[in-house]
Each structure stands twice: as structure tokens, then as C-alpha cells.
Amino acid sequence: MPGVGLGPLVPPDLRCLSPAGAEVPEGSAGAVRALSARLLGLAGDPARDPDPSVYLALRLAREHDPQLEQRYLERLQDAFRSVAEPPQTGRLALYLLGLRATCPSPHSHRTLVTWLKYYLEEDWIGSWQDGHPLTTYYQYGLGMLALCVHHKRVREGVIRRLLTAQNYGKLGHHGNLVDTRAVVALAFTCLEQRRLVDTDLAAELRVAAHSVNRGLAEIQGSNGIIGNIYSTPWALQVFLATGTCQTESAFSQGMAALLENLEAFGTAATMAQVLPVLHGRSYLDIASMHCTLTPLDMEPLAEVPGNKMVQLVVECPLPWCYELRLYDRPVLVPASASLLDVLQAATALKFHTQDTPQGPFLTQVLGLEARQEKRNYWQLLTAPDTPLQMGIADYRPKDGETLILRLSEW
Ligand code: B12
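In this report, the structure presented in the accompanying data block is examined. Here the residue numbering is sequential within each chain, running from 1 through the sequence in written order. Predicted model: local features are reported for residues with pLDDT of at least 70 only, side-chain atom pairs are reported and counted for 80 or more only, and whole-chain, interface and lining totals are derived from all residues. Each side-chain value is derived from all of the structure's non-hydrogen atoms; neither hydrogens nor water enter the calculation.

1. Quick look at the pattern of salt bridges
- Any carboxyl oxygen of Asp or Glu that lies within 4 Å of a side-chain nitrogen of Lys or Arg is treated as forming a salt bridge with it. Summed over the entire model, instances satisfying the criterion amount to 12 salt bridges.
- Close ionic contact of Arg160 with Glu156 constitutes a salt bridge, the shortest N to O distance being 2.9 Å. On the criterion of helical spacing, the pair formed by Arg160 and Glu156 is a turn pair, its members being 4 residues apart in helix 7 (residues 156–167).
- Burial here depends on accessible area, computed with a 1.4 Å probe over protein chains only, as a share of the maximum for the residue type. Under 20% is buried, over 50% is exposed, and the range in between is partly exposed. Judged by its relative accessible area of 28%, Arg160 is partly exposed.
- Between Arg160 and Glu204 there is a salt bridge, with its nearest N and O atoms 3.0 Å apart. You can see Arg160 sitting in helix 7 and its partner Glu204 sitting in helix 9 (residues 199–218), a full 44 residues away along the chain. Labels follow the DSSP assignment, with helices taken as runs of H or I lasting at least four residues and strands as runs of E lasting at least two, numbered in each case from the N terminus.

Have a look at this one:
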């Protein structure tokens, strides 16, 4: 079967020539291959909606199943063609990144590129009116990255808005900041390296990307994790893309942390986020892809016998809530149950979810709906106050654990 090759996009003088962690250590290579195999297995399941991030991960892997990838691409294209208007900034950006990663080399996707430019302008206007884009800086960054990977220019004002947000620490809040800063740094690095901006702006983008780079290395925990285990792959993508040798040890420690915690990446969405770096690649490598290679299989999930008891609490601390604690009851579930199973088993608890590529997103509990436009959401926490790092379908509470669903602002 033919092999995949990625030419170095980053000029050799900018890349760490022997990045200690860019290659997965021998002993872990099997585990990474097994994870790739699991993702291929999930991608081959026609019952699952196709997700551009999954396609990207398949394409950025070192080993491939060309037929499966082709079928997946076709499903993805069908899904995108079946909607009247392209989806918003982030989804469209990921889709365009996916199209750029196809083999043979991509043809023009001018209409979609035009839509994405339009969405970015809308986000840009939103960011002046409300202090943040209509979507989020994460999506805004993805949009710029996708246009850059397609070698399309973006209006300078649109880039400067993101630069200002980064330089003045306005990119966001709490839990998601690492992911957002990393995506933004990838976009800056791409624009600078692909020379899509004039030299002054390129210099500013380079400084900003390196400052993100340093900041990420500084917040790395002694366990190698940057932010949390799910944001660590994004941080490592930045290290790979900027290729600065000063972050080499941060890269190896981050990589070691990922390899020690591979079992945390159990869903298609999280596997898709970790696999590119495990293969030593960042989204910037999409721009320099050639064509293709080798198949693998999937593993079954182990069942745990017995039952467990979980305490479920629902809180509404916002000023307009009529009561803080709306629900507080024990729920008996099988030992292997997820938080979603707990919600389903809980008596007198009505809730709604919305399907997303990350799994079901909790939108409504006890008739209270979290509203995107009001920037509130149902936050998931384990008592007393630790936000979960997974969604309801993936989190498996321990016996005796107290879980809180709290209507929060973001
Ligand atoms: C922005 C964001 C949010 C925003 C989304 C609002 C918005 N309008 O953008 C808010 C603050 C609401 C949010 C909430 C949560 N998030 Co969040 N979020 C992100 C972030 C930074 C970007 C997502 C995005 O825009 N993707 C691009 C668009 C194009 O893709 P999309 O699929 O259409 O995105 C939608 C879904 O991702 C959904 N969403 C966002 N977060 C989550 C989490 C889960 C579990 C699900 C099912 C869906 C979901 O909102 C997005 C916008 O509509 C990602 C970072 C990342 N690395 O992916 C984390 C991320 C996906 N979130 C994460 C988590 C843990 C959560 C929470 C569970 C936190 C908590 N303890 O409550 C909650 C979800 C609770 C619930 N109600 O089900 C984790 C998921 C890890 C995992 N194991 O899967 C990530 C990877 C961050 C991280 N590094 O830990 N999140």
C-alpha cells in the first residue's frame, strides 16, 4: 500500500531538529497504534455522525485505512451538502481543514471559503459590540487557521482583533482558556509562516505566538499536564508548530503525560484531539500533506459488574433562580454507569441534551434551559466544587460520589 509523507511546513531553522518528544517512545508506539485503531473502528460505524475533527485525525495519523477514510470523507461531504446554509464559524473551519487534508490534492472550495470569510466578519463585528465574537474566540481562531491552511488571506482588521484579544488577555475565561489560546497561537503561527501578512504584522504574530508558547510551558504542572489532560494535546500542537527548542522539555513532559493517561481519551472527539500530536503532527501539517497507508482494528469496552450509589444535586445559583438547590437525591445505578445513565435513572428528573461531536451536551434540567445567547450552561461538577473534565456520556462516577449540575455563566 502507498505511504503517507508530510513535508516540513516549518522552515528547518525554526523547528527543533531533534525534538526529544516528537517521536513516541518505542514502548508506547503500540498503545498509540491501538488508539488509532479504535478511532478507525468508530469512524467505520455508519450509525455515528461524521465529524471533521475525526477525519482530520485519521488523515494526520501515520497509519491509514484509505478506503475507510474515503468513505468517511464522502459521508462528511453528504452531511455538509444536506444543510441549506453552511454551519457556523468553527464547524465550517474544521470542515475546510478536513477538505484540505484530502487525497489527492484538493481543488478549490471557493464558496465555502467565502462563507467562512463572511462568518469571520460577523464574528469580528460581534466582538466590537459585545466584547466577544458572536461565536467564541476558539471558533474565530479555528476560522483563521482554516483560511490560512487554504492559503487564503484574511483582512488585517480581523487578524488584529484576535491579536488584541490575545495581547490584552481577553481570550476567555476559566476552564477553556488553554484550548483557546492554543488554537489562536496555531492560527498566528500559520499566518506568519505562510507569509500571508506583511512583515510588521508577521513580527507581531510571531511574538504573540511565542508568548502563548511560553505561557503554556509556564503553566505546565509537575505531572506534565497543561490546563487539563484534554487541553494538553492542543498545547503540544503549539509547541510542534512553533518548533521552539526552549519548550522541548515541556513537550516531552506533556507527551509523557498523554501517554500515561491514554485511557482518558475514550470518545471519538477526544481521540481525534490527541492523535495528531501522538503522531508528532499539528494542524499546520495539513497544508503539506501527500498520500496514504495501513489498516487496524477496534477493541471492545470492558463491563464492570455490580451497582453503585451516586448522589445527584441540581443547583441554580443565578440571581433569577427561585431556589438554589432544586434536586438532591441518591441514585442507584450499575457499577459501569455514566453520568448520563445516572440522569436517566434519577426519579423525577427531566432533562434534555443536544447531540454534538463530543457527545450529548446537557441543555435543560428540570425545565431550566441553558441559553447560548445568555452565555449560560449546565456545568458539571463533582462535590464540593471540581468541574468535570468530561461530558455526561463519558464521565463514570465512583460509588458514593456526589455530582452537581449547576446552571453557570461562561
Ligand atoms: C467553548 C467550549 C465550551 C463552551 C461552549 C459554548 C459555546 N457557545 O461555544 C461551554 C462553556 C458552554 C462549555 C461547556 C462545557 N465543556 Co467545553 N469546551 C469548549 C471548547 C473550548 C471549544 C468548543 C468548540 O467551540 N469547538 C469547535 C466547534 C466548531 O465544535 P462543536 O463540536 O460544534 O462545539 C460545540 C460542542 O463542543 C459544545 N461543547 C463544548 N464543550 C462541550 C463539552 C462536552 C462534554 C460536550 C458533550 C459538548 C461540548 O459546545 C460547542 C459550541 O457549540 C472545547 C475545547 C476543545 N478542545 O474542544 C471545550 C471542551 C470540549 N469542553 C469540555 C468540557 C469538559 C465541558 C463541560 C463538561 C465542563 C463542565 N464541567 O461543565 C461543559 C459541558 C457541560 C454540559 N452542559 O454538557 C472538554 C471536553 C473534554 C472531554 N472529555 O470530552 C473540552 C475539550 C475542554 C477541555 N480541555 O477540558 N464548553
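Moving on, there is more to tell.
2. Let's talk about empty space enclosed by the protein
- A cavity, in this analysis, means grid points on a 1 Å lattice covering only the protein atoms where a 1.4 Å probe fits yet has no way out; a pocket is instead an open set bounded by protein on both sides within 12 Å along at least five of seven lines, and a residue lines either one if it has an atom within 4 Å of a point. Grid points are joined across faces, edges and corners, and a volume is the space filled by probe spheres set on the points. Enumeration according to the criterion identifies 4 cavities of 30 Å³ or more in this entry.
- One number sums up the size of the second largest cavity: a volume of about 50 Å³.
- Looking at the second largest cavity, the residues that line it are Ser36, Leu39, Leu40, Ala57, Leu58, Ala61, Glu63, Glu69 and Leu275.
- Here the lining of the second largest cavity takes 3 residues from helix 1 (residues 26–43), the largest share from any one element.
- Residue type decides the class: Asp, Glu, Lys and Arg count as charged, Ala, Val, Leu, Ile, Met, Phe, Trp, Tyr, Cys and Pro as nonpolar, and the leftover types, Gly among them, as polar. Split into classes, the residues belonging to the lining of the second largest cavity amount to 6 nonpolar, 1 polar and 2 charged.

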